[in-house]
Amino acid sequence: MKLRSIELALPDPAAAAAFMTDVWGMAPADVIGTTHYLRGSGSYPYLVAFEQSADEFVRSTTFLCSAEELDGISGRAAAAGWPHRATVSEDPGGGHGLLVELPEGELLRFLVDAGEVEPIAGRDLPVKLTHVVFNSADAEASGLAVEEVLGFRVSDRTKGMVFLRCNDSHHSTAFARAGISSLNHIAFEMEDLDAVMRGIGRLRDHALAPAWGPGRHGPGANVYAYYIAPFGPVIEFSTAVEKVPEDYRVGAPEDWTWPENRIDQWGISDKDFAGLRRAEERFRFRRDWQDEAQGQ
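Note that the coordinates shown come from a computational prediction; the quantities given were computed from them, not determined experimentally. Within every chain, residues take consecutive numbers counted from 1 along the sequence as written. Note on the predicted model: pLDDT of at least 70 is required for a residue's local features to be given, and 80 or more for side-chain atom pairs to be given and counted; whole-chain, interface and lining totals, by contrast, use all residues. Hydrogens are left out, water is left out, and the side-chain values use all remaining heavy atoms of the structure.

Whenever I open this one, the pairing of strand β7 (residues 96–101) confuses me. Can you help?
Side-chain direction in a regular strand flips from residue to residue, so the side chains alternate between the two faces of the sheet. Exposure classes here rest on a 1.4 Å probe applied to the protein chains alone. A residue is buried below 20% of its type maximum, exposed above 50%, and partly exposed in between. Under the scheme used here, helices are H or I runs from DSSP no shorter than 4 residues and strands are E runs no shorter than 2 residues, and both carry numbers assigned from the N terminus. Summarising burial for β7: five of the six residues are buried, a large majority. Note on pairing: two strands pair once DSSP finds at least 2 bridges between them. When strand β6 (residues 84–88) meets β7, the two strands line up antiparallel, connected through five bridges. The residue of β7 that forms the bridge with Arg85 is Leu99. One ladder, built from six bridges, connects β7 with strand β8 (residues 107–112); its direction is antiparallel. Each residue of the ladder has a partner; that of His96, found in β8, is Val112. Between the end of β7 and the start of β8, which pair antiparallel, lie five residues, with Gly105 showing a positive phi angle near 100°.

Can you walk me through the pattern of salt bridges in this structure?
Where charged atoms from two side chains of opposite charge come close, those side chains can pair. Just to be clear on terms, a salt bridge is a Lys or Arg side-chain nitrogen sitting within 4 Å of an Asp or Glu carboxyl oxygen. Following the criterion strictly, the structure yields 14 salt bridges and no others. Its salt-bridge partner being Arg109, residue Glu7 comes within 3.4 Å of it at the nearest N-O pair. Of the two residues, Glu7 is situated in strand β1 (residues 2–10) and Arg109 in strand β8; the sequence distance between them amounts to 102 residues. In terms of burial, Glu7 and Arg109 fall into one category: buried. Between Arg277 and Glu281 there is a salt bridge; the shortest N-O distance is 2.9 Å. Classification of Arg277 as partly exposed rests on a relative accessible area of 31%. Note on Glu281: relative accessible area 31%, which makes it partly exposed. Shared partners join several salt bridges into a network, and the residues in it are Glu7, Glu51, Arg59, Asp91 and Arg109.

So this is what it looks like as C-alpha cells:
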C-alpha cells in the first residue's frame, strides 16, 4: 500500500495552486472544473487537489492498494461499524475502491487500478507525498484502530505522536496528541537534502521563513522544514525518511528524548508553536457521502 495524494476543499483553489507551483515548487497537472491538480516529479498523476468550496476541509487522503488489501479493509471496516462506501475516482488517474471514515472523522480513500504517468524532470520538484499527519483527540485509540481495521502498523510512539506505516517507510501517517481532530500537516518528499535546502532558499527569496526547521526528526530520521502556507495548512519539505524492517521494534516516548532546549536531532532551529497550532486547527473533515451500511 502507498500514500498517493490529499484532496482539500477551500475558497480560492487557483490562488493555492499558484503558490504551490510558483513558490513551493510543484508542477500543474490538470484543472477539472474549479479543481486544480498539482503533481511532483514521480509517477503519480497528482499529489494535491484543491477543490473550490465556501469552507476549508479535507475531502480525502488517498492510498493506493491491492485488491486483496481493499477486500480486507472493506470487511474489517464493516465489522467495526465504520462509515464507508464504494467509490469510483473522477480525479486524474481514475481507479475505484472505498471511502472510509475513521472514528474521529478522518476520511481515507483506498483505490485499486489507478493509473500512473511518466515521471518528469525537475530536481526541485517534490517526488511524492511522504506522509499526511492528523491531529487527534485520542492518538492512542486512533493508532490502535488504524492497525486493527486498516492493517497499518505502529512504528513509534513519542510524547507528541503515534507514527504508523503501511509499507517499509517508517510512517505514511501519524496521529498527534493534540486534543482535537484536524489536519496536522502535509509532507512532500524531496529528492535529497540539497533539494530541501534549495526549497528553503527559494521560500526565503519570497520572504517566507520556516515555522520550524531545518532539522532532523528522531522517529523516521527525516530531514524537515515546516511552513504555514498562505492558504492555511502546514506543509513540509522532507527527505530521507527511514526504511524499516518487518520486525522493527516499536519505540516508546522514553526512547525519543532530547537534551534541554532541543526538539530534534540537530537542535539548530526554533519552532513557532502558536502559529503552527493555529494553522493545524483550520482544516477539519467533512463527510459528504452516505454510509452504505447505515444509510446515513
